[in-house]
Each structure stands twice: as C-alpha cells, then as structure tokens.
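# Understanding the architecture of this molecule
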Amino acid sequence: MKINKFTVAMLGMLSAGSALAAGPLLTSDDANPKPYVWDTSKGSIPVYVDGGAAFTYDYDGSVFLSIDRAREITQFAFDQWNNVETSTFRADIAGTIQEKTGIADVTGANAAEIYTKQNGYGFWVLYDTDGSILEDFFGVPKTAVLGIAFPEIADENNVIIEATAVLNGWNVYVNDTEGNQVAGVFTHEFGHAINLSHSQTNGQLGYLSNTFEPLYPGVAGCGVEPIHAYNWPDWYGPTNTADPEIIETMFPFISHNGAGGTAQSTVNVLDDRVSISNLYPTDTYKTGFGAIEGKLRLKDGQTEYSGVNIIARNVSDPLMDAVSAQSGYLTQGKVGPDGYFKINGLTPGQSYVLYTEEIHVGGYPTTQTPIISVAEYWNENEGSDPVTDNQCDFTPIVAEAGKTKQADLTFNGYDDGINFRPIVNAFLTDLAKNGRSSMGTIMGYGFTWNETKGFEMLPDYVTAETGRMNRNGTKILVNADQDRNGVSAPAIWSDSKGVMPLGDFTGNACGGSSQTGTQSALAWDIDDAGNTVVGLAYKDVDGNGMCYEYDKGELVPFIWTPKAGMHELDTQDVDWNINSWVRAHAISGNGEVALGSLDGWEAVAWVKEGRMINLFEQIGAIEANATSYDGKQVALGTMQGNVMLWNHTKSGAAAFTDIGGLKWCEDVPFVLWGQNACDEMGVEWVHSMFGEFAGLIPFDMSDNGDVIIGRAGDFWAGFVGAIYIKELGWMTLDDFFAKQGVMEALNSSMNNPLSISASGSKMVGGIAGAMISYHVDMTEVYVCENGSSIKTGFPNGLINKVKSGAQFGRCEHLN
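### What to know about a nonpolar patch on the surface
There is a patch of nonpolar side chains on the surface, built from Phe427, Met443, Tyr445, Met457 and Met771 and spanning about 540 Å² of accessible area. You can call Tyr445 partly exposed: its relative accessible area is 45%.

### Observations regarding the state of the cysteines
Within the structure shown, the criterion is met by four disulfides. Sulfur-sulfur distance for the disulfide between Cys222 and Cys392 comes to 2.0 Å. Between Cys222 and Cys392, the S-S torsion sits near -75°, and that sign places the bridge as left-handed. You can see Cys222 sitting in the loop between helix 7 (203-207) and helix 8 (259-263) and its partner Cys392 sitting in the loop between strand 14 (351-357) and strand 15 (397-398), a full 170 residues away along the chain. Using a relative accessible area of 18% as the deciding quantity, one classes Cys222 as buried. Take Cys392: its relative accessible area is 24%, and that puts it in the partly exposed class. Through a disulfide, Cys784 is tied to Cys811; the S-S separation comes to 2.1 Å. With the S-S bond torsion at 105°, the cross-link from Cys784 to Cys811 turns out right-handed. On the criterion of sequence distance, the pair formed by Cys784 in strand 50 (residues 780-785) and Cys811 in the segment after strand 52 (807-808) is long-range, its members being 27 residues apart. For the pair Cys784 and Cys811, one class covers both residues: buried.

### Some words on the packing of aromatic side chains
The description of an aromatic ring pair uses the distance of the two centres, along with the angle that the planes make with each other. What the rule picks out here adds up to 31 aromatic pairs. Where Phe420 meets Phe737, the ring centres are 5.2 Å apart and the plane angle is 75°; that geometry is what we call edge-to-face. With a gap of 317 residues between them, Phe420 in strand 18 (residues 419-424) and Phe737 in helix 14 (residues 733-739) connect regions that are remote in the sequence. For Phe737, a relative accessible area of 1% puts it in the buried group. Summarising the aromatic geometry, the rings of Trp685 and Phe690 are spaced 5.9 Å apart at their centres and angled 70° between planes, so their arrangement reads as edge-to-face. With relative accessibility at 31%, the residue Trp685 sits in the partly exposed group. Through successive ring pairs, a cluster of aromatic residues spans Trp38, Phe55, Phe78, Phe89, Tyr121, Phe123, Tyr127, Phe186, Phe190 and Tyr280. It is Arg711 that lies over the ring of Phe719; its NZ or CZ is 4.2 Å from the centre. The side chain of Arg810 reaches across the aromatic face of Tyr414, ending 3.5 Å from its centre.

### Overview of the sheet that holds strand 38 (residues 634-638)
Pairing within the open sheet is antiparallel, and its four strands lie in the order 37-38-39-40. The sheet is open, and its two borders are formed by strand 37 (621-627) and strand 40 (656-658), each paired with just one other strand. Between one strand axis and the next, the sheet turns through 30° on average, direction left out of account. Sheet topology places strand 39 (residues 643-646) next to strand 40; three bridges connect them, and they run antiparallel. Bridge pairing links Trp646 to Phe656 in strand 40.

Conventions used here
Residues numbered from 1 in each chain as written. Predicted model: local features only at pLDDT ≥ 70, side-chain atom pairs only at ≥ 80, totals over all residues. Heavy atoms only, no water. Patch = residues over 30% accessible without salt bridge, like charges linked within 9 Å, V, L, I, M, F, W, Y side chains within 5 Å. Areas by Shrake-Rupley, 256 points an atom, 1.4 Å probe, with all protein chains shown as cover. Salt bridge = Lys/Arg side-chain N within 4 Å of Asp/Glu carboxyl O. Buried < 20%, exposed > 50% of the residue type's maximum accessible area, 1.4 Å probe, protein only. Disulfide = S-S within 2.5 Å. Helix = DSSP H or I, 4+ residues; strand = E, 2+ residues; numbered from the N terminus. Phe/Tyr/Trp six-rings, centres within 6.5 Å; stacked < 30°, edge-to-face > 60°. Lys NZ or Arg CZ within 6 Å of the ring centre and 35° of its normal. Pairing = 2+ DSSP bridges. Axes fitted to C-alpha atoms, helices over the stretch in contact; angles between N-to-C directions.

The structure is reproduced here in structure tokens:
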C-alpha cells in the first residue's frame, strides 16, 4: 500500500528557525485508526545514504561539509533514537543509494526515481546539496524548508517498509563548521521517518517566550514563574533565559544557527523518549512506568474536544520530566470529536500536575484548536463550574508502575448569563439591528451568517468589505461588478431580488482602486428601512479621463434614495486646494443623519442632506461612526481621546456631552518597545506626555444610545475593546466579560467589537488583525445585589439594578 505522499510531506516538513504532542505522524484510515510502525523484531533497520561531491559548499565553492561528515551526522542522529532504553527501535547505515539503485547523487533532476519507486526495505536518506530536491520536486523554498521526511510505503498490516528523508544542504549556516547545529534537523527529520509527529512540551519556552510575551511551564497566572528564551528588549529587566537543552527534538521549530539546533540533535528530553517508546515499547516500558489518561470535554460535560495540548509535569522536575499529548491525537480528526489523551512514561513515585495548553507552533496531524475557556490544571473537583473548579487548583497525580490513572478535563464556563461563542474564521463586519443576521468577508469573498440558516456565500462578483445590512438583514449593501467590466458600483443584494445597482457618477467607466478592485463608487452604510445609502463616489471634474485625483473635488460623499437616486452630499465649504476627499460612511437608523470624514482625520456630518457640518472644527472630533436610531446622539472620537456625544438639535456647547473614555494605565497599559511606561515612568508622566485617554473610536450604538462599543489604544500600545453602558460609563471588554464570569472570553481578548443590535444586547466582533469572529449574546447578565448574584436583562434591567445600588457582575467574579 502506498501512502499519499503530498499530504505526508507537508506533515513531516521542518521549517528553518530563522524563517519559519507527541503522537504518531501517520495512522490508518479505518474506523479505529492505528499508527504505522516499523517491525523492530527484524533487528536493525537498514539506512541507505546519498552520495555526491559534498553535503554543502562554501561561498567560494570549496567543500564546507563533506558527504562523509553528512554520513557521520546521519548515524549520530539515528543513534540518538537507537539509544532510548525504553524503545526497541534501531537503525544503522547499511550502504549507499548508489549501491542499491545506481544513482550516485540524488538531485531535483532525478528525485522522481526515488520517490515514485519502491526502492527496498529501509530508510533512504537524500543529501540535497543545492536544495533542488526541495524546490524542483516538492515545490517548497530551500530558503525556508530544512528537510522533509515521512514513512513512504507500508504493507497491508500497517507495517512501514520504506521511508525517505531529504536534508537541505544548501541551508547550513557558515558558523556551523562541524555540522553540529544542522544535526538537529537530521535527528528531527529521522523522527518523522520513524513516524513520530511534532510535540510541544518545552520548545515554546526555549524559542518563543520573552519578557514582553512570557510563556510558562504551567498555567499562567497560577503562581508559576515564566521561562524566557530571550530578553525583550535586551536592557529590560532580569530574565531566566531558557537552557536550550530543555527543547524537545520534535518541537516543530528549530534554530539551526545556534545552540537550539545542537540541543535538538540529541534525544535527551523525556517527551521525545516517550514518543518513540509509545510506538516501539520494550517490555520494561510497558510495565515499569505510570500513565495518565482521560478526555477533554466542553463545558457541557459531554462534547469531546480535539487539538488541545495536555501536559504532565513532574512537580519536582517540571522541565526535564514532562510529557505531552494532544487531545484526539490517536484518531487525528478522522472519526469526529475526540478528546481522548494518554500520557505514558511517567516515573513511578513521582507527582505530576496535569493541565491544558494551546499549541503555539503548527504542523500537527491533529488540527490544533484554541482553548475556548481558560487553561487550567486538573484537580479532584474537576468540573465546569468556575466557582468550585478554580483554574489554578491542582491535585498532583502520583505515577505508579504499570497503572494508568484517570483524569478527565472539562472546560470551565457558566450555562447561563452571557453566551460568547466563536462563529467563523473570517471577518464578521456587521450585525443587523434585529441581532439575528450578520455579514462579513473571508479571503475577499462576501458571506452572510444567520442563527437559523447558517452561512451563505454571496456571488463572486460581489464585494462586501465596507457594506452593511438593513435592520432585519434582508437587504445587504455591497459593491457589485455585475457586468464584469472590472469596475464595481454600489448595489443592494437580497435573496428575493438579487443585485439592485444604485448607479454612480462616471457611467461605470472610471473609478478608484483598492484591495477589492476598481470601483466607480463605494457603498458604506444603509439605513434600517434599506431606503437610504451613503458612501464615496468618484467624478471626473476636469474631464481628463481620470476620476480619482486628489485636491480636485473628484472623491465626494454621496447619498442614494429610491426616489432621488444617487446624488452628492454638500461639500461647498471644502477647500479642494488643501483637502483631498470627503466620504459619508454611516447613517442613522431613520436615514436623516449621515456621518463621514474629511481627509481621514476630520469628522463631518449632514442632517437631512443639509450643509456639511465640520465636527472637527467644532469640538476636535476625528471619528464619527456610531449614531442612535434618530441621529440625535452621535458618539464622536476626539483628538483628546475621550468620547463626546453630539445632539444636532442643540447648538453651541449644549450640543456636546463628554462621556469620557478609557484611560492610559488605568484601563489600557501604555506599552512601547516592550516597556510598560505606566510602571516604568508612572501614570502622571504618561498622562502628561500622551494625554489621559487612550484614543477611543466608537464603532456602533444601540437605538437609544444606552450602549456604545468601540476600540481604544493604538498600534504601538495595542488595542483594547471597550463598551459604554449608561449609568456605568466605559469599561474594557476584558473587564466586562471577567466580571460576568465569561470564561470563554478570558482567553480571546476580543478587542475589536464592530456592531451591536438595536437593543445593545447582541454584538459581533473579533480580534484586530486576526481572522476570527465572535457572536456575543448579552441578553442575560448578572449583578451582585446584597451578596447574591442576580440575573437580569441587558441593558435596561442592568441599568435599573445599578441605579438602585447593585454592582455590575457576578459576586464571585468582582475581585
């Protein structure tokens, strides 16, 4: 039987450290998947090595690492696996590829003669001197891929009879004069050829952890100290830089230009020794060590969950005596949700803590998944109740020889209160005001999501990056290139009528370009009834055939209604000698108040298509996106960072109300180049230098303005999600979810809330820059009243409770 080579190749690929759980790499495809293994009862498995003039050349053409040295490293690497005392595996160089096939040097030109044929029992090791096998045969860059290895052929009994490994000789660092660093690549790749998968136990500590984003050999926040791979920045604080020797060989990342590569050339970490012993166990291994097995389940206590790393660490030796396994690692997603894990090889008499951890670097047969609650230790009161099952509580498990201890893990989370759930690995950009339908984009394609209908893709000639939905989600504002002439224009999409074009100012012949293509006008927002649309349109003012020239009044705001069609909004006060463009990008639910921007940093508005109002000149407003249904409350982001509410029916100072915002240091840490300036320089210094408020942009508002969502912070300091609730003011979304005990949100740090429903009780958003979206149902929330957690409605019930003296949040989560 021949195994699918392409899929296997990708799984067994190791990326260059400078460029790019334990378990089997390959299993059978039947209902009860079994790992493919070598038959070690036949004795040492033969290894056949490549020839050629050199393994790698120096810049001047001289031999840098010879073929003889490559063969020495090959045997050294196999010996690391051979010498695992609890494993029966052994492999040794028995000859050359030339002796077996007549091919003196395998290159990209003749690699097909090895990979498309059965060459014989054993390992076939190819030295890819110039990287041509990787590039010409596998189609991967030699600058990034260090090697590819996998079992290639197995018999009808799932016994491996042939495996191949290609080692990139082109990608060897000049400081690796003896090949001791690239030896880590050899040992790692041969691990794949033995049929070992990737694993994560200490590699993330040795490679990824730093003072800015620390990683822990345990559950973060539970008293365990982080271990840092390096300082960030170098001058910032003392660190406990990781010893490279803790890095497991099968971690899916290697730095082959330093100590990490050398460290990974040996099989000294328990996790690797357990991995090979699981496939090729000695009798001693079967009976002389302890094990822990269990299942990882969602908070319902029933549904199993795959793809999360489970680690057991010896309390007395947490780094060198640690073993990992992914939930579902044996079935690899082939038989549905599978939360099973088993950790073998534990030292009898030693105490181990067991906990969940996300995979930090990819490349596993079982798709890695996020922890949808919080990472936690196993304890004897394990359950889903966040009150009785504290994530930091742990019960050590004492290993016993020949015995398997049971330890099921369940994600924490409440069954009632706020429902926080990930929807799709895509961008949800708008939620209909009825709270039941959403729209978004994935890889440039538009889609809708409905609680009952699920996902529906929009036609391929439709783009939806800036579009919105009407109140009940039946009309979707998009841009469409229906005639496929390469120029799109605003349109309204509905299931019943398809695309209804709204027109433009250039006859669909000229427009500006963006990542979504060329458009003669760009739709931005639609009112609740679906009868008023605003956006940006192009004009050819000087008739020169170009319609997107700045400083000529060619990029103008438009409004569209069924009766009047598309026409310009007022810009008579704009000085086109110094201003480039004006757009309208939001409109109130009743269609009377349009909001926009002048050149991207001055907020403007139009009331009932009247004269343009420059809100930047009036109050320093730089952002205007969120409006109440009647348009009498508009939340403005300002230069000062606080939020002003604007009521167009009033004049002068009475038209504006300061509702504050999130503050640097108090709500948003001011982190710059790895330093928290709040801690280093003090709050007063930060406020005196950068202002009190952390630049909050309101994105959306409930119908009556009682609930507003937005985002604070900036690119350098990071972004923080924000929510405003009448009577409570602004708070971070992290604080909002934490006080409500929403365990599922604590690990996601939703910092980009984009849209809320008319009542403010439902919300969609995601993480800035990440392709993941969440739907949050806040219909039920909790307050703490007289020492008891009381459930109430949101937002009105909550507001009334707070006005009567209750505290926001569940009592048990207020601190």
